[in-house]
Amino acid sequence: MDEMAVMERFAFYRGLSEEEAQPYFTLVRDAIAQIEEARRKDISGGEMLLCAAAAALANWQASLLNGGGSFSAGEIRMQSGCGATEKTLWEQAKRAASPFLQDNFYFGRIL
């Protein structure tokens, strides 16, 4: 998976410049590793969807680390106190990439 493509998308999700996103590089690499581990080996393609999923996962995790988060696109900026927007973005990206992920791919908790 292209680390720079994931970093660019992550920076977009966070509303950061590439330079401002650099402190999150380890977090992004961890998300890439998680997606790669769950990637189906019997099917090719889906690179853009998998990159989006990795960036969305890293974005959600960053919002958890920062005690909330924000999303911006141009002039529009949304703030959330608990990362709800970021979690929804991650869930949608995961759903879109699901044909390229193993069925046992799960990020959640069991009570």
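Anything mentioned here points back to the structure above.
Residues numbered from 1 in each chain as written. Predicted model: local features only at pLDDT ≥ 70, side-chain atom pairs only at ≥ 80, totals over all residues. Heavy atoms only, no water.

Caption draft 1: Quick look at the pattern of salt bridges. Inspection of every chain in the model, using the stated rule, returns 5 salt bridges. Residue Arg-39 pairs with Glu-36 through a salt bridge whose shortest N-O separation is 3.3 Å. For Arg-39, the salt bridge identified is with Glu-47, shortest N-O distance 3.0 Å. You can call Glu-47 partly exposed: its relative accessible area is 33%. Sharing partners across several salt bridges, the network here consists of Glu-36, Arg-39 and Glu-47. (Salt bridge = Lys/Arg side-chain N within 4 Å of Asp/Glu carboxyl O. Buried < 20%, exposed > 50% of the residue type's maximum accessible area, 1.4 Å probe, protein only.)

Caption draft 2: Region of interest: the environment of Met-48. Examined against the element boundaries, Met-48 turns out to sit in helix H4 (residues 47-65). As for Met-48 and Asp-2, which are separated by 46 residues in sequence, their C-alpha atoms are 9.3 Å apart. (Helix = DSSP H or I, 4+ residues; strand = E, 2+ residues; numbered from the N terminus.)

Caption draft 3: Layout of empty space enclosed by the protein. One pass over the full model with this rule turns up 1 cavity of 30 Å³ or more. Reported here for the largest cavity is a volume of approximately 40 Å³. Lining the largest cavity are Met-4, Met-7, Glu-8, Ala-11, Glu-18, Ala-21 and Gln-22. Listing elements by their share of the lining of the largest cavity, those giving two or more residues are helix H1 (3-14) and helix H2 (18-21). Counting residues per element, the lining of the largest cavity draws most heavily on H1, at 4 residues. Across the lining of the largest cavity, the residue classes break down as 4 nonpolar, 1 polar and 2 charged. (1 Å grid on protein atoms, 1.4 Å probe; cavity = no way out; pocket = protein on both sides within 12 Å on 5 of 7 lines; lining within 4 Å. Points joined across faces, edges and corners; volume = space filled by probe spheres on them. Nonpolar A, V, L, I, M, F, W, Y, C, P; charged D, E, K, R; others polar.)

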